[in-house]
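# Observations on chain architecture
Listed below are the residues making up each chain.
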Amino acid sequence: MTTNEHLMKTYSPLDVTFEHGEGAYLWDTNGRQYLDALCGIAVCGLGHAHPAITKTISEQAAKLLHTSNLYRIDNQQKLANQLCEVSGMSRVFFSNSGAEANEAAIKIARLYGHKNNIDEPHIIVMENSFHGRTLATLSATGNRKVQAGFEPLVQGFIRVPYNDIDAVKHVAESYHNVAAILVEPIQGEGGIKVPAQDYLNQLREICDQQNWLLMLDEIQTGMGRTGQWFAFQHNKMQPDVMTLAKALGNGVPVGACLAGKKADEIFQPGNHGSTFGGNPLMCATASTVIDTIQSENLLENASKMGSYIVNGFKNKIGQLDGVTEIRGLGLMIGIELDAAKLNHDCAELVRLALQKQLLINVTAGNVIRLLPPLIINQQQADTIINTVSELVASALQKSAA
Ligand SMILES: *Cc1c(COP(=O)(O)O)cnc(C)c1O
C-alpha cells in the first residue's frame, strides 16, 4: 500500500488504482474490471492500450524521443499537415497541454490587437467557462473557484454570459479595445452546456464585422468527441484560432494552437516557444490518433452511439421528477439533476457508479458528465444507460420516500 504524503494536495483521488486497460475497460489492482465512460476526461478517445498507439509509441521511442525545435521535426510537419487538412486551418503551434495551447491563443490575440493599433487589447470570455489553470487561462476561466486566492489576476478579459449574442453586441458597441473572442463550442467543465444552434455562426458574423479573432477552445470538444472532427464543423463555419489537447495524443501529453489565414503569421521567430512542444514522440502518436479515427470510422460511431445513449436516457429517466435535462452532442453527454431532489450529494453518484464498476464524472455540482471513448459499442452503451439510469432513479426514489 502506497501513501500520497509526498504529493501536493491538488486532487482528492477516489480510492482505486488502475493497473491496465483494454479498449473501453480498465482493471484495478485487485483485478476488478470497470467500464470507462470518462476515458481520462475525454483523453483516451481510442480507448486504452489501442494496438496502433502502442506500436507507434514503441517504434518512435526506439528511434528518437526529442531533439528540440532548434531542428526541423518531420513528424511535426506531418501532423500539422494532417490537422490542417481535417480542420481547414493553415498553421499549427504545438504545446504540451490544453492550458498552454490557450496561452498561445491569448498571446496571438494580444499581438493581433497591437498590430491593429489597439493599445490594451482585450479578449471577450464567457461566464461558466473553463480554459485551464495557468495564470492567464484561469483569469480567462469563468469560475470564481478556479481563481480564488490567485489574485492579482491577468488583466485584459471582458466577461459576458454564455450563449448570449446580445451581450457580445453590447460589448462591441461600448468597448473599442477588443481583439478577440475566446469560447468553448460546448462548455465541458461548466456542465455540458450546449448553446443555440447558430451561436457560433452569429459570433463569426460579429467577429467579421468588428475585425476580431474568433478563437475556439476545442480542447474537450475536438478530435471526434462530438461526432465531427471539431464541434465547429456542425456549424459550417471556420474559427480564426482553435486550441486542442486532451484526445489529440490519446494519453500522450500534446496540445496544439491552430490558426487560419487571419492569424497564422502573427507569431514570428522569438514570439513564442516550448522545449518539449511538438517533439517526435507526441507528434507520431497524434498522427496515429488521426489515422485511427479515420480508418475505424470513429466520427460516425461517436455520432451514432451518442444519439443512442442520449435517447436511451431520455426513455429511461427523462420523465423523472428531478432529472432537469439530458443533453449533449456525440459522445459528450450531460444529465442535469435537481440536486435538491436527491437524497445525497450529486458527487456520491460517482462513488456509487464505481461500486458498480462504471467510471463517470459529475461536474458543475449537479451534472453527470459522460465522455466515453469513441470506440464504444452498443452493448457497452447499454451498460452505461442501464447503470446510470438505475443510480439516478434510486437516488431520486429514496428522497421521495
Ligand atoms: C481540459 C481543458 C482545458 C485545460 O487543459 P489542460 O491540458 O488540463 O491544461 C482547457 N479548456 C478546456 C475546454 C478543457 O476541457
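Heads up: these notes are all about the structure in this document. Along each chain, numbering runs from 1 in the same order as the chain's sequence is written. Totals for whole chains, interfaces and linings use every residue, but because this is a predicted model, local features are given only for residues with pLDDT of at least 70 and side-chain atom pairs only at 80 or more, for both listing and counting. Side-chain numbers come from the whole structure's heavy atoms, not from hydrogens or water.

## Points about the pairing of strand β11 (residues 323-329)
If DSSP finds at least two bridges between two strands, the strands pair. Numbering goes from the N terminus for both helices and strands, where a helix is a DSSP run of H or I of at least four residues and a strand is a run of E of at least two. Taken together, the six bridges between β11 and strand β12 (residues 332-337) define a ladder with antiparallel strand orientation. By the bridge assignment for β12, Leu329 is matched with Met332. Taking the residues that link successive antiparallel strands as the turn, the β11-β12 hairpin has two residues, and the phi of Gly330 there is positive, at about 60°.

## Things to note about the sheet that holds strand β5 (residues 122-126)
Spatial strand order, β4-β10-β9-β8-β7-β5-β6: seven strands in an open sheet with mixed pairing. Bordering the open sheet on either side are β4 (91-95) and β6 (157-160), each of which pairs with just one other strand. Neighbour to neighbour, the strand axes of the sheet diverge by 20° on average, direction disregarded. Of the strand pairs in this sheet, β4 and strand β10 (residues 255-259) are connected by five bridges, and their pairing is antiparallel. By the bridge assignment for β10, Arg91 is matched with Ala259. Where helix α4 (residues 98-115) meets the sheet, it contacts β4, β5, β6, β7 (178-183), β8 (213-217), β9 (241-244) and β10, and its direction lies at approximately 175° from that of β8. Residues are treated as being in contact if the distance between any of their heavy atoms lies within 4.5 Å. Here the axes come from fitting lines to C-alpha atoms, over the contacting stretch only for helices, and the angles between their N-to-C directions go from 0 to 180 degrees. Across the sheet, helix α8 (residues 199-210) lies against β5, β7 and β8, angled at about 150° from β8, the strand it touches most.

## A look at the site of the ligand
Proximity is defined per residue: any heavy atom of the residue falling within 4 Å of a molecule or strand makes that residue near it. Near the ligand you find Ser97, Gly98, Ala99, Asn102, Phe130, His131, Gly132, Glu184, Asp217, Ile219, Gln220 and Lys246, and these make up its full shell. In the model, an oxygen atom of the ligand is placed 2.8 Å from a nitrogen or oxygen of the Gln220 side chain. Within the side chain of Lys246, one N or O atom sits 2.6 Å away from an oxygen atom of the ligand. In this count, Pro and Cys sit with the nonpolar residues alongside Ala, Val, Leu, Ile, Met, Phe, Trp and Tyr, while Asp, Glu, Lys and Arg are called charged and the others, Gly among them, polar. A per-class count over the shell around the ligand returns three nonpolar, six polar and three charged. Two N or O atoms count as a polar contact when they lie within 3.5 Å, although within protein this holds only if one can serve as hydrogen donor and the other as acceptor, and sequence-adjacent residues are included solely when both atoms are side-chain atoms.

## So, the sheet that holds β12
Within the open sheet, the four strands sit side by side as β11-β12-β15-β14. Their pairing is antiparallel. Only two strands of the sheet have a single neighbouring strand rather than two, namely β11 and β14 (361-363). The mean inter-strand angle of the sheet, taken between neighbouring strand axes irrespective of direction, is 25°.

## Side note on the side chain of Ser389
For Ser389, the position within the fold is in helix α12 (residues 378-400). Ser389 sits in the buried class, given a relative accessible area of 5%. Excluding anything up to four places from it in sequence, Ser389 contacts Phe313, Lys316, Ile317 and Ile384. Only protein chains enter the accessibility calculation, which uses a 1.4 Å probe; a residue is then buried when its area is under 20% of its type maximum, exposed when over 50%, and partly exposed in between.

## Points about the layout of surface pockets
In this model, the second largest pocket occupies a volume close to 810 Å³. When the residues that make up the lining of the second largest pocket are grouped by side-chain class, the tally is 15 nonpolar, 10 polar and four charged. Cavity: a set of points on a 1 Å grid over the protein atoms alone where a 1.4 Å probe fits but cannot get out. Pocket: an open set with protein on both sides within 12 Å along at least five of seven lines, its lining residues, like those of a cavity, having an atom within 4 Å of a point. Grid points are joined across faces, edges and corners, and a volume is the space filled by probe spheres set on the points.

## Quick look at the nonpolar core
Within the largest apolar cluster, 85 residues are counted, with the highest numbers of intra-cluster contacts made by Leu83, Ile181, Met223, Phe313, Ile368 and Val388. Ile368 has contacts with Ile333, Gly334, Ile335, Leu337, Leu349, Ile360, Asn361, Val362, Val388 and Val392, leaving out every residue within four places of it along the chain. To qualify as a nonpolar core, a set must consist of buried Ala, Val, Leu, Ile, Met, Phe, Trp, Tyr and Cys residues joined through side-chain atoms within 4.5 Å. Of all hydrophobic cores here, the second largest spans 23 residues; its members include Ile108, Cys257, Ala259 and Ile266.

## Some thoughts on the pattern of salt bridges
The working definition used for a salt bridge is a side-chain nitrogen of Lys or Arg within 4 Å of a carboxyl oxygen of Asp or Glu. All told, the structure shown has 14 salt bridges when counted by the stated rule. We note a salt bridge from Glu325 to Arg327, for which the minimum N-O separation is 2.7 Å. Residue Glu325 is classed as partly exposed on the basis of its relative accessible area, which comes to 40%. A relative accessible area of 8% means that Arg327 is categorised as buried. Each of the salt bridges in this network shares a partner with another, and the network as a whole consists of Arg91, Lys261, Asp264 and Glu265.

## Brief notes about the packing of aromatic side chains
For Phe, Tyr and Trp, where Trp contributes only its six-membered ring, two rings pair if their centres lie within 6.5 Å, and the inter-plane angle classes them as stacked under 30 degrees, edge-to-face over 60, or tilted in between. For the structure shown, the criterion picks out five aromatic pairs. Consider the rings of Tyr162 and Tyr199, whose centres lie 5.4 Å apart with planes at 75°: the pair is edge-to-face. Of this pair, Tyr162 sits in the loop between β6 and α7 (165-174) while Tyr199 sits in helix α8; the two residues are 37 residues apart in sequence, bridging distant segments of the chain. One exposure class covers both Tyr162 and Tyr199, and it is buried.

## Describing the side chain of Ser139
Structurally, the position occupied by Ser139 is in helix α5 (residues 135-140). When its relative accessible area of 4% is taken as the criterion, Ser139 is described as buried. A distance of 2.8 Å separates a polar side-chain atom of Ser139 from the backbone nitrogen of Val154.

## Examining the packing of helix α2 (residues 51-63) against helix α9 (residues 280-295)
Packing of α2 against α9 brings their axes to within 9 Å, and their N-to-C directions diverge by 155°. It follows that α2 is roughly antiparallel to α9 by the angle criterion. Every pair of crossing elements has a handedness; the one defined by α2 and α9 is right-handed. Packed against α2, whose contacting residues are Ala52, Ile53, Thr56, Ile57, Gln60 and Ala61, the element α9 presents Pro280, Leu281, Ala284, Thr285, Thr288, Val289 and Thr292 at the interface. Roughly parallel refers to an angle under 35 degrees, roughly antiparallel to one over 145, roughly perpendicular to one between 65 and 115, and oblique to any angle outside these ranges. Note: crossing handedness is left-handed where the near helix turns anticlockwise from the far helix by less than a right angle, and right-handed where it turns clockwise.

In short, geometric facts, not functional conclusions.
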